[in-house]
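# Descriptive structure summary
Okay, here's what each chain looks like letter by letter:
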Amino acid sequence: MRQTLPPEGVTMSATQIAVTLSGLGLIGGLGWFFFRPRKATQAVERDGVQEVRIVVKGGYSPDVIRARAGVPLRIVFDRQEDGDCSARVVFADLAQSSWLAPHAETTVDLLPDRAGRFGFSCGMNMIHGTLMVDGGADGESAAQTAAVPAVPAATESHEVTEDAEAAARRAEVAGLVRRLVAGAVLTVPVFVAVMAHGVFGANWVPGVLLNRWVQLALIAPVMGWVGWPIHRTGWLALAHRSADMNSLITLGTVAAFGYSSVVTVAPGLVPSNVREVYFEAVGVIITLIVLGRLLEARAKAGTGEAIRRLIGLQPATARLQRDGVEVEVPVADVIADDVVLVRPGEKIPVDGEIFDGHSSVDESMVTGEAMPVTKASGDVVIGATVNQTGAFRMRATKVGRDSVLAQIIRLVQAAQSSKAPIQRLADAVSRFFVPAVLFVAIASFVVWFDVGPAPAFTFALVSAVAVLIIACPCALGLATPLSIMVSTGKGAEAGVLIRSAEALETAHRLNTLILDKTGTLTKGHPELTDVITVGAIDRTELLGLVAAAERRSEHPLAEAIVTGAAAQGIDVAQPDAFDSVTGKGVLATVAGHRVQIGNARLLADAGIDAGPLEAITEALSADGKTPMLVAVDGKAAGVLAVADMLKDDAVAAVAALRRLGIEVVMLTGDNRRTAEAVGRAVGVDRVLAEVLPGDKAAEVRRLQAEGRRVGMVGDGINDA
């Protein structure tokens, strides 16, 4: 049948006028529904703490809360659902993120230190709320009132929370897999049959799959069970006046499935030329959305792995001395001023200060420096770093949330909670996008009904449904936050900590890049580079004696010598006797020879003249190498040198950065001679050496004060 548009000049019928007015009224009503002012709920203050309760069920209720600056705020989230969408609440402006247990209450403690409007949202950026913070009481500023003590942290440890979240994510992924398999099994036969027969005219398609009742039977479970999480979230979002992509999918698929069902069950109600069904479209849309959710859930599950690995760095227990008795307790039970006992090879359980004993400590987890640091009474040690050769007693100074490791974990969480400027724009657009799509769908229905070809109602309905289905804002609402969470999480797994989403977005405008030396430009572990002899002993004999002497040592320099000797085909013997002198070197007896390896102080203490080795030592040090003096049977015998060698691509990387117009600066805690030697080798002109970890931030600020946009690249957590 040929369809024609109504001739020009024909007046609208009463039905068309009614539909038009109804459409305008519906658009106006939806505009009022979505955009009318939201009532704020005031937090109630009890015993110096503000408290408010928020129900999480397809949205936040209430979704606008009001609090006072400078007073601790406790928000109790009552999450009455499961699923990935609302599993995490993110206060991006306050750099805080918390996981919400399903069907349970979770307390989030904040200390709003300034007045303003601060948005919060779920981890998938689909549901939103607002925290409105007013100034302090009696006109006090936030700065004046911020001295109020903060609410204690939640009692759950990072480890408990992360384990529970990981378990919930695994359950979520398993559920999505089941729904995806069911959706694919039921949808694919219908989709292939319809496409093969309708598009390609294939004759091999079984007639049973083209039967509309069979298609209805196959797709109904997809609509009802596979798509249930989508429909539930979509309707709840509408009820909370915050329609999202799920709302559009729900409205579109319900309309398409309902229309197809009417055509199948009561075809006489629909004109004969528009009795098409869309069961395959409904099945494909829902199955693909479930697939997308599964991919998102798996990707987001990986972002938490970085934090779980950081948590795993800390030992589970600590050995304490209480009332003269040695006891082993969970590390969470250690309190400030406890006396902690640390043995060789153990991880240091908490931050503290040594008051008895000495040792060398591997701090590469924090500093990135491969060389162990000698520690003695009065020195500070960091929890989760590894004690090596000696035993010592220390006094705990920072435990729990105050420890360096806890600060590192909060840094990663804050980076994942932050919003890039472009994401804030996407959030603003998303707020209007979904209502706008509904408006366009209504307008499409009205226009096609008024001026479209006959049957006008059917074409108007199909047009409105098409708008709802096609205009899904998945990319707008999910792409930016998901990419930020995945990139920061995967980066942290690889040792790359991104301070914030804004830093990630603005990185392309950098003009100065600071590079740490150890582990960034260099390989991060020492290698044997030189064996220089004096006197009658030959090179192979000297290296064999030193390697045998160092065989029992746990020092990385000793490992480099033993590995280097083995690589040169030397059979490294076991020493007859061995002793380590902390901070100086080692003493050993090998095949009847007394061997001493270490610094000049070790030889001086033994009364050995190291004069013949001074020039060699100076030359090796000038090249950025670490020389070790060797004496055999009471006489100076030679010098071995080890060095942290440059990475194979370090020179090329620096050259590439310079070609981009970026000035490269090397920043290191190493001595100036070593640093400048590495700088010359890699092609870096500006070298900042002997910079303590705590002073690195000051060096960055000094460069920023020169008008530079500065980036920092390092392999140590302290660099972040």
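Just above sits the structure.
Just so we're clear, the structure is a prediction, and the values are computed from it rather than from any experiment.

Further remarks concern the overall build of the chain. The secondary structure content of the chain amounts to 22 helices and 30 strands. Counting the 720 residues in the chain, one finds 47% classified as buried. Here the contacts in the chain between residues at least 6 apart in sequence split such that 67% fall between residues at least 24 apart. Of the roughly 33400 Å² of accessible surface on the chain, a fraction of 58% belongs to carbon and sulfur atoms.

A separate point is the pattern of salt bridges. Scanning all chains against the criterion turns up 25 salt bridges. Residue R46 is joined to E51 by a salt bridge in which the shortest nitrogen-to-oxygen separation is 3.4 Å. The exposure class assigned to R46 is partly exposed, which follows from its relative accessible area of 47%. D78 is paired through a salt bridge with R53; the nearest N and O atoms lie 3.0 Å apart. Highlighted residues: D78 in strand β6 (residues 73-79) and R53 in strand β3 (residues 49-56), separated in sequence by 25 residues. A relative accessible area of 43% means that R53 is categorised as partly exposed. Each of the salt bridges in this network shares a partner with another, and the network as a whole consists of E663, R686, E699, R702, E706 and R708.

Between its first and last C-alpha atoms helix α6 (residues 228-239) spans 16 Å; for 12 residues at 1.5 Å apiece the expected length is 16 Å, and the two agree. Listed in full, the buried residues belonging to α6 are I230, H231, T233, G234, L236, A237 and L238.

In this section: the sheet that holds strand β16 (residues 359-362). Across the sheet, which stays open at both edges, the 3 strands sit in the order β17-β16-β19 with antiparallel pairing between neighbours. For this open sheet the edge positions go to β17 (373-375) and β19 (386-387), each flanked by a neighbour on one side alone.

Turning to the nonpolar core, a few remarks are in order. In this structure, Y60, I75, F77 and L131 are the most contacted members of the largest nonpolar core, which totals 51 residues. Beyond its immediate sequence surroundings of up to four residues, F77 is in contact with I54, V56, Y60, V89, F91, L100, A104, E105, T106, V108 and F120. Ranked by size, the runner-up nonpolar core spans 27 residues in total, among them L542, A548, I570 and A637.

On to the packing of aromatic side chains. If you walk through the whole model with that rule in mind, you get 9 aromatic pairs. An aromatic cluster is present here, built from Y60, F77, F91 and F120 joined pairwise through their rings. Here the basic side chain of R36 rests over the ring of W32, its NZ or CZ set 4.3 Å away from the ring centre. Sitting over the face of the ring of W225, R179 holds its NZ or CZ atom 4.6 Å from the ring centroid.

Quick look at the packing of helix α16 (residues 539-550) against helix α17 (residues 556-567) now. For the pair α16 and α17, interaxial distance at closest approach is 9 Å and the crossing angle is 135°. Compared by their axis directions, α16 and α17 come out oblique. The hand of the α16/α17 crossing is left-handed. Contacts from L543, V546, A547 and E550 in α16 reach A558, I561, V562 and A565 in α17.

Scoring rules and cut-offs
Residues numbered from 1 in each chain as written. Predicted model: local features only at pLDDT ≥ 70, side-chain atom pairs only at ≥ 80, totals over all residues. Heavy atoms only, no water. Helix = DSSP H or I, 4+ residues; strand = E, 2+ residues; numbered from the N terminus. Buried < 20%, exposed > 50% of the residue type's maximum accessible area, 1.4 Å probe, protein only. Contact = heavy atoms within 4.5 Å. Areas by Shrake-Rupley, 256 points an atom, 1.4 Å probe, with all protein chains shown as cover. Salt bridge = Lys/Arg side-chain N within 4 Å of Asp/Glu carboxyl O. Expected span 1.5 Å × (residues − 1). Pairing = 2+ DSSP bridges. Core = buried A, V, L, I, M, F, W, Y, C linked by side-chain atoms within 4.5 Å. Phe/Tyr/Trp six-rings, centres within 6.5 Å; stacked < 30°, edge-to-face > 60°. Lys NZ or Arg CZ within 6 Å of the ring centre and 35° of its normal. Axes fitted to C-alpha atoms, helices over the stretch in contact; angles between N-to-C directions. Parallel < 35°, antiparallel > 145°, perpendicular 65-115°, else oblique. Left-handed = near helix turned anticlockwise from the far one by under 90°.

Purely spatial values, then, with no claim about function.
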